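# Report on the structure
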Amino acid sequence: MTVIVRDFRPSDAEAWTRVRRAVVPYLVTTPEQVVHDLAHAHPDRRYRLLVAERDGEIVGTAQAGIAHDSPEPGQGFCTPHVLPGHTGHGAGSLLLSTAEEHLAQAGATVVHAWVLDTPENLEFARARDYRPGRSAHFQHLDLAGGTLPPLQEAPAGVELRPGSDFDDDPRPLFEADAQVTLDEPSDIPTELDDYEDWLTNIWRHPAFDSALTTVALVDGRVAAFSAAGTDGERTYSSNMTGTLRAFRGRGLAKLAKNDSLHRARAAGYTDAYTSNDTGNAPMLAINKWFGYTVRATEVRHARTLG
Ligand SMILES: CC(C)(COP(=O)(O)OP(=O)(O)OC[C@H]1O[C@@H](n2cnc3c(N)ncnc32)[C@H](O)[C@@H]1OP(=O)(O)O)[C@@H](O)C(=O)NCCC(=O)NCCS
């Protein structure tokens, strides 16, 4: 049985989605999204998608690139995924070594990879000189069958609006996203400072749903938001929930996320997912309050190149 690794072609989008959904069912993955990500990647991202074929069937995927929006240069990333039943035949190793070669040529000095917290995956990373760093919990909420906390009344001076009210001018949400992203615990610090790139890869991303996003305004200004992603069918994901520093600790993140979740349930979404750094105590507390339960944990690993 021969395993080869090659660049992704748009005609692979369905197979790509099948692999990703099987390996990481806690993320929204759609064929439109993967095609968009590749077509619109910022040139500095040096973004490359790889697939592993085993006897002509796509059994593995990997995205590799440079975290161009990090203030620290040379931060590469790559995460190989191989379908259950096809591991142990060299697909993961070949995906990773091909990605590392590309990243070294693109100027990466370190490669970050998310590793699912299972003995096999941790050993795969350890054996390839990756050392563990921060971890994150994938959490799930049964929207259809579970009980969401009741909708809360917005306090005086606070107004809830759908994100789509900002479709004509989303810049206030870009500015809010930039501030809260700086404060999100992570191994790779991220600075959002390119509005055009944000418009293309966040606001106009095919999996982003501005209508199900909720924005909390205080005295008419953006104070908090909960950004919704969906697969257009049953799965909803929280892309970012954030409260501007001056407004934290007043329940605004809960208020915005609750409104978005209620509207997602009314729109027919049955399963909500979110992922949080295990050191993000306030966000984990909020998600516990909603009834989310931990489904899996992933550990960020890093390998220094050269
Ligand atoms: C996480 C974040 C969204 C919280 O916003 P917020 O408006 O202050 O949140 P709320 O006031 O609605 O709720 C905060 C909850 O966390 C709890 N909390 C705060 N600090 C905590 C801590 N250190 N440990 C445990 N719980 C904590 C609060 O008690 C409150 O719960 P309660 O209402 O049951 O008491 C905000 O800190 C933020 O924007 N952080 C940066 C971006 C980020 O990390 N977003 C999440 C990534 S997905």
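Residues numbered from 1 in each chain as written. Predicted model: local features only at pLDDT ≥ 70, side-chain atom pairs only at ≥ 80, totals over all residues. Heavy atoms only, no water.

## Re the side chain of Gln 33
As a reminder, the rule being used: We count a stretch as a helix when DSSP gives it H or I for four or more residues in a row; a strand needs E for two or more, and each element gets its number in order from the N terminus. The criterion used for residue contact is that any of the two residues' heavy atoms lie within 4.5 Å.
Note that Gln 33 resides in helix H2 (residues 31-40). Not counting the four nearest positions on each side in its chain, Gln 33 is found in contact with Val 28, His 205, Pro 206 and Ala 207.

## What to know about the pattern of salt bridges
Quick reminder of the rule: A carboxyl oxygen of Asp or Glu within 4 Å of a side-chain nitrogen of Lys or Arg is what we treat as a salt bridge.
For the structure on display, the rule yields twelve salt bridges. The shortest N-O distance in the salt bridge between Asp 277 and Arg 134 comes to 2.8 Å. Of this pair, Asp 277 sits in strand S11 (residues 271-277) while Arg 134 sits in strand S6 (residues 131-142), placing them 143 residues apart in sequence. With its nearest N and O atoms 3.1 Å apart, the salt bridge here joins Arg 263 to Asp 259.

## Digging into the site of the ligand
Here is the rule we go by: Near, as used in this document, describes a residue that has one of its heavy atoms within 4 Å of the molecule or strand being considered. In the analysis that follows, any N or O atom pair within 3.5 Å is treated as a polar contact, provided that within protein one partner can donate a hydrogen and the other can accept it, and provided that, for residues neighboring in sequence, both atoms belong to side chains. A 1.4 Å probe and the Shrake-Rupley method give the accessible areas. Residues count as covered only by the protein chains that appear here.
Neighbouring residues of the ligand: 21 residues in total, closest Thr 241, Thr 243, Gly 249, Gly 251 and Lys 254. Within the backbone of Arg 250, one N or O atom sits 3.4 Å away from an oxygen atom of the ligand. Relative to its free-state accessible area of 970 Å², the ligand is covered by the protein chains to the extent of 69%. For the shell around the ligand, the secondary-structure elements that each account for two or more residues are strand S10 (235-243), helix H7 (252-266) and helix H8 (281-290).

## Observations concerning the domain arrangement of the chain
To be explicit about the condition: All domain edges in this entry derive from an automatic or database-based domain assignment. Polar here means any residue other than Ala, Val, Leu, Ile, Met, Phe, Trp, Tyr, Cys and Pro, which are nonpolar, and Asp, Glu, Lys and Arg, which are charged; Gly is therefore polar.
Segmenting the chain into domains produces domain 1 (3-108) and domain 2 (141-298). Measuring from the centre of the C-alpha atoms in domain 1 to the corresponding centre in domain 2 gives 26 Å. At the surface where domain 1 touches domain 2, the tally comes to six residue pairs in polar contact (both at pLDDT 80 or more). In terms of residues, the side of domain 1 that touches domain 2 owes the most to one element, H2, which gives five residues. Residue composition of the side of domain 1 that touches domain 2, by class: five nonpolar, eight polar and five charged.

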